[in-house]
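So the chains spell out like this:
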Amino acid sequence: MRIVLGVSGGIAAYKAVILLRLLREDGHQVDVIPTPSSLEFIGRATWEAISGRPVTTSVFEGVEQVRHVRLGQEADLVIVAPATADLLARTRAGMADDLLTSTLLATEAPTLMAPAMHTEMWQNPATVENVAVLRERGLQVMDPAVGRLTGKDSGPGRLPEPEDIKARVDELTGEGGQWYARSPRSGLELHPGVGVVQGEPDTAPSGRLSGRTVVVTAGGSREPLDPVRYLGNRSSGKQGIALAAEAAAQGAEVTLITGIIDAELPHPLPVNLTVQSVETAQQLQQAVLAAAEHADMLIMAAAVADFRPADYAQAKIKKTEDGQNPVITLERNPDILADLVRRRNASGRGPGVIVGFAAETGDESTDPLELAQQKLLRKGCELLVFNRVGEDLVFGQDQTEIQILASFGAQGVLGDADPVHVTGSKREAAVAVVGRAAQLLEATQQL
Ligand code: CTP
């Protein structure tokens, strides 16, 4: 399911991190919307790292994507944990003064609120009335747990335990549950016990890749520097997602491994497409090695960081009195693609067709196409998708221009005197790449 997890400003925000993890373990896609004041308790980096999704709190960020309306419209379920007295009041009043309250106002998805506040606040007639009105409107407002509060006091007001909130979600969205129905916007069935929304098994498409297993990587890796900072890149993941969708449409059993992405996954997710999300290059390597072992095809569209900070600072790196600038030492990440080709060639096991990507800018003295050809031979893969990149070319765009270069085995010979050239949408590029790779797979197996 697509879930929006709203977090308002209370000390119990830390428990929402555990709730997020539980939801992610079940395979849900979760967009976290913290209120600005909740960031005083848990920072944006934590939410982004655990959800694997970009996080914004203000309606003025990502304005071009109309996030304040879109997130709420696309959600199958909205959860707010903790819901403070202030958040309950603003929701009741229909206010829209931050991204979370705007989302609550724009959504038609079932909404579950888990309150947390001091007992006096919970029992104040204003809060009592707000809760009653929200419940009347069909929102589920859980009763807070009873127990020790932030200070020395205890009583009703504790945030229910993350496991209890999760159990409530399962209960409401499970078969026979109140929300086991069609989500009003998407028309999707909310299936019991299924982590991601999937199509009916008998709708699995049959096509050129039926019976094949395909692994696709997408998005950018992120290398943490300290608890709040990271080294990342501008990959949106759009091309990789389009490739995975196309391979699934051709009937393959697809595993899509994403780094950090800023693009929508196919909705609904086809039954033959599984999504796994990772953060660092090393995590990506482990996931690729495991998934590719029995795969027929691997498409490495992810933008993998070649370097990571050699040391991770446990505490935020601070400015120093002496005005010295910090020095960040980097170390090499594994080359996942080249390493996998080597392992396959040595063992004879692994994907028959491996596709790499090369985003090249070139410079005054070098033609980017030549760089891509050299890269194809260096990496040893069968196909290499080359695109030119620059400030306003390709990253995050829907349009692209690619050339599909082929090599003949590991002999260092370039194939295809006239490589496939596509100018168009990333979907069109995906159709061409998957088609060319499928053709090669069929040809290799006829040898
Ligand atoms: N790649 C990889 N592991 C890395 C870096 C890149 O598997 N550590 C993969 C990418 O997914 C892509 C291909 O290799 O399919 C080419 O990526 P690119 O970053 O262009 O290649 P580099 O090896 O980094 O080449 P260079 O630094 O010379 O540009």
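What counts, and at which threshold
Residues numbered from 1 in each chain as written. Predicted model: local features only at pLDDT ≥ 70, side-chain atom pairs only at ≥ 80, totals over all residues. Heavy atoms only, no water. Helix = DSSP H or I, 4+ residues; strand = E, 2+ residues; numbered from the N terminus. Buried < 20%, exposed > 50% of the residue type's maximum accessible area, 1.4 Å probe, protein only. Contact = heavy atoms within 4.5 Å. Areas by Shrake-Rupley, 256 points an atom, 1.4 Å probe, with all protein chains shown as cover. Near = heavy atom within 4 Å. Polar contact = N/O pair within 3.5 Å; in protein donor to acceptor, adjacent residues only side chain to side chain. Nonpolar A, V, L, I, M, F, W, Y, C, P; charged D, E, K, R; others polar. Pairing = 2+ DSSP bridges. Axes fitted to C-alpha atoms, helices over the stretch in contact; angles between N-to-C directions. Salt bridge = Lys/Arg side-chain N within 4 Å of Asp/Glu carboxyl O. Phe/Tyr/Trp six-rings, centres within 6.5 Å; stacked < 30°, edge-to-face > 60°. Lys NZ or Arg CZ within 6 Å of the ring centre and 35° of its normal. Core = buried A, V, L, I, M, F, W, Y, C linked by side-chain atoms within 4.5 Å. Parallel < 35°, antiparallel > 145°, perpendicular 65-115°, else oblique. Left-handed = near helix turned anticlockwise from the far one by under 90°. Expected span 1.5 Å × (residues − 1). Arc of directions from axis to C-beta.

Moving on to the overall build of the chain. Helix and strand content of the chain: 13 helices and 20 strands. Buried residues in the chain amount to 50% of all 447 residues. The contacts in the chain between residues at least 6 apart in sequence include a share of 69% that link residues at least 24 apart. Here the chain has roughly 21,000 Å² of accessible surface; of this, 51% comes from carbon and sulfur atoms.

What follows is about the site of the ligand. The environment of the ligand is made up of 13 residues, and the closest members are M300, D306, F357, K375 and K379. A distance of 2.8 Å separates an oxygen atom of the ligand from a polar backbone atom of A302. Contact between the ligand and F357: an oxygen atom at 2.8 Å from a main-chain N or O atom of the residue. A total of 570 Å² of accessible area belongs to the ligand in isolation, and the protein chains cover 77% of it. Mapped by element, the contributors of at least two residues to the shell around the ligand are α11 (336–347), β16 (353–360) and α12 (368–379). For the shell around the ligand, the leading source of residues is α12, giving 3 residues. Broken down by class, the residue content of the shell around the ligand amounts to 7 nonpolar, 1 polar and 5 charged.

Take the sheet that holds strand β4 (residues 111–115) next. Strands sit in the order β2-β1-β3-β4-β5 across an open sheet of 5 strands; the sheet is parallel. Where the open sheet ends on each side, the last strands, each with one partner, are β2 (29–34) and β5 (140–141). Taken together, the 2 bridges between β4 and β5 define a ladder with parallel strand orientation. What sits directly across from L112, in β5, is Q140. Helix α1 (residues 13–25) rests against β1 (2–7), β2 and β3 (77–83) of the sheet, and its axis sits at about 170° to β1.

Moving on, we get to the pattern of salt bridges. Considering all chains together, one arrives at 25 salt bridges under this definition. The partner of E331 in a salt bridge is R308, with the nearest N and O atoms 3.1 Å apart. Of the two residues, E331 is situated in strand β15 (residues 330–332) and R308 in strand β14 (residues 307–309); the sequence distance between them amounts to 23 residues. Accessibility expressed as a relative area gives 32% for E331, which makes it partly exposed. By sharing partners, the salt bridges in this structure join R2, R70, E74 and E264 into a single network.

Glancing now at the packing of aromatic side chains. In this structure the tally under the stated criterion is 0 aromatic pairs. Across the ring face of Y230, the terminal group of R222 is positioned such that the distance to the ring centre comes to 3.8 Å.

If you look at soluble globular proteins, the nonpolar side chains tend to sit buried side by side. L209, L243 and V254 are the most contacted members of the largest nonpolar core, which has 39 residues in total. Tallying contributions element by element places helix α13 (residues 426–446) first for this core, with 9 residues. Within the second largest apolar cluster, 28 residues are counted, among which are V30, W47, A114 and I165.

Bringing the environment of H118 into the picture now. Following the sequence through the fold, H118 ends up in the loop between β4 and α6 (119–123). With a relative accessible area of 30%, H118 lands in the partly exposed category. Measuring from C-alpha to C-alpha, the distance between H118 and A85 comes to 9.1 Å, with 33 residues separating the pair along the chain.

Viewed as axis vectors pointing N to C, helix α4 (residues 85–93) and helix α7 (residues 125–136) meet at an angle of 50°, and their least axial separation amounts to 9 Å. Our classification of the angle between α4 and α7 gives oblique. In terms of crossing hand, the pair formed by α4 and α7 is left-handed. Side by side, α4 and α7 meet where A85, L88, A89, T91 and R92 of the first sit next to T127, E129, N130, V131, V133 and L134 of the second. Of the residues belonging to the contact of α4 with α7, the class tally is 6 nonpolar, 3 polar and 2 charged.

Taking 1.5 Å of rise per residue, 12 residues should cover 16 Å, and helix α8 (residues 162–173) covers 16 Å from first to last C-alpha, within 8% of that figure. Those residues of α8 lying buried are P162, I165, K166, V169, L172 and T173. In an axial view of α8, the angular spread of the buried residues amounts to 130°, which keeps them on one side of the axis. Looking at the buried side of α8, the elements it contacts are α1, β3, β4 and β5.

With respect to the secondary-structure elements, R344 resides in helix α11. At 2.9 Å, the side chain of R344 forms a polar contact with the side chain of E382.

All right, on to the pairing of strand β9 (residues 223–226) then. With 3 bridges joining them, β9 and strand β10 (residues 229–231) adopt antiparallel strand pairing. By the bridge assignment, E223 is partnered in β10 with L231. The loop that links β9 with its antiparallel partner β10 comprises 2 residues.

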